[in-house]
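Architecture and fold: a report
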Amino acid sequence: MLFGKKTEKKTREKYRESNRVILNPGMGWYRPYLFNLEDDVDEGFLSSVIVEEERLCLIEINLYAYRESEINREGICHLEQILDFFHENKKDMMLRFAYDFEGYAMEKEPTSLKQIFVHMHQVGEVVKTYLKEVVLFQGLFVGSWGEMHFSRYVTDLSILRLYDEFRSVFGSEVYLALRTAAYINLIENSRGYDPYLTLFDDAIYGSKTDMGTFSDGRKAEEMDMVIGRYRCPVGGEVLYGSESILSEMDSYHLTYLNSQYDKNALDDWAKMGILSKVSLRLGYRFLIANCRISNSGKHNYLHLEILNIGAGICPYNLTLEVLFNDKVYRTQFAGNEFVPTKSNELMVDLGRDISGLKDSEIQLYRSFDKEPVYFANHGLEQKKSIMFKELWEN
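Now for a description of the structure that goes with this document. (Residues numbered from 1 in each chain as written. Predicted model: local features only at pLDDT ≥ 70, side-chain atom pairs only at ≥ 80, totals over all residues. Heavy atoms only, no water.)

**Some points on helix α9 (residues 263-272)**
Along α9, the residues classified as buried are Ala265, Leu266 and Trp269. Around the axis of α9, the buried residues are gathered within 95° of arc, so they sit on the same side. The exposed set on the far side of α9, more than 90 degrees from its buried face, consists of Asn264 and Lys271. Looking at the packing, one finds that the buried side of α9 touches β1 (28-36), β7 (234-238), α8 (245-252), β8 (254-258) and α10 (275-281). The backbone nitrogen of Asn264 has a side-chain oxygen 2.8 Å away, supplied by the residue at the start of α9, namely Asp262. Once α9 finishes, Gly273 follows within two positions and takes phi at roughly 75°, a positive value. (Buried < 20%, exposed > 50% of the residue type's maximum accessible area, 1.4 Å probe, protein only. Helix = DSSP H or I, 4+ residues; strand = E, 2+ residues; numbered from the N terminus. Arc of directions from axis to C-beta. Contact = heavy atoms within 4.5 Å. Polar contact = N/O pair within 3.5 Å; in protein donor to acceptor, adjacent residues only side chain to side chain.)

**As for the pairing of strand β14 (residues 361-366)**
For strand β11 (residues 317-324) and β14, the ladder comprises six bridges, and the chain directions are antiparallel. Residue pairing for β14: Glu321 is matched across the bridge by Gln363. Pairing of β14 with strand β15 (residues 386-387), which is carried by two bridges, proceeds in the antiparallel orientation. If you follow Ile362 over to β15, its bridge partner there is Ile386. (Pairing = 2+ DSSP bridges.)

**Topic: the pairing of β1**
Sheet analysis places β1 next to β8, joined by three bridges and oriented parallel. Counterpart to Gly28 in the pairing with β8 is Tyr256. Here β1 runs beside strand β2 (residues 56-62); their pairing, made up of seven bridges, is parallel. Following the sheet pairing, Leu34 is matched in β2 by Glu60. For the handedness criterion, the β-α-β arrangement of β1, helix α1 (residues 43-49) and β2 is classed as right-handed. (Right-handed = clockwise from strand over helix to strand, strands pointing away.)

Below you can see the structure in the form of structure tokens.
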């Protein structure tokens, strides 16, 4: 036996959930940062207002100054400077481009879709450098506040043309969050299934339909159809501090929420004593539920049962790595396979000789840059590397 009698008894204490909020990539509370693209970027001011405790940022880019022209070199440089600032500060980005952030899209948007397409291609050349760090895009460049309403370009034909152009610029494997379930249904019925389409809901509990996010009388149906099926990150803003959030977070796949809006709703949650509970479950939250070793033929395998006890979806490909005997063993998987309340088993082929396994190290990280993903187990929530014996021994 590998570890003698201790192989018969794992440490249940290590499989207990921590009561701490975990700051993992691509999830959690966020706040918006609005930029007029023609204006100089004040990095000193940005450094003073950026929040260390929030990994996620919504970057809103106002294109109004270029509604009748191409974006000039100065504007392109400003966009590069903005994205580079958040990159250097290790922030994960959500992007929203629009021509109006005051409620006057009809007056401020370009007079032709072709102008919007030109801008898409221009900003796309800049964004592509940072695309792996972009969790998702919100909207299709149109509507008041970029929310795809009060615009001449929210007809079915215009939405389809904007969608087609967006995909041609940014690719098919970038999350695109649209403002309503009806837009997703429109695109899917016309263009086919797109597993990277999702919702941003900036009116959670604002009405029975979340202020038009869902069709009248069809909220539950559309939530199941659009959110439940897609395994995509969903989030936005809360307009009313309903206590129902605790039982409905899983249904929303809530991966991110605005920490600034609506303050009254968030204050209501705080008074009800549920704001901390929302924070704890917001986003994905991976708990190691079991650990075992098996063998088949001459190969040994490490099995980790991982339970997502958060409400959200991990939007990245992840890598589980085991280091022992000066060798590295890895397995890669899609983070969105771990849906809320469900467990999956990860398996790593360790080869023949596992005599040094008890002193091995286990890491979970974002595949493209090795950014750590922390487990929610008690005592492990701040550890980039876990010793195998921590999961196995008494």
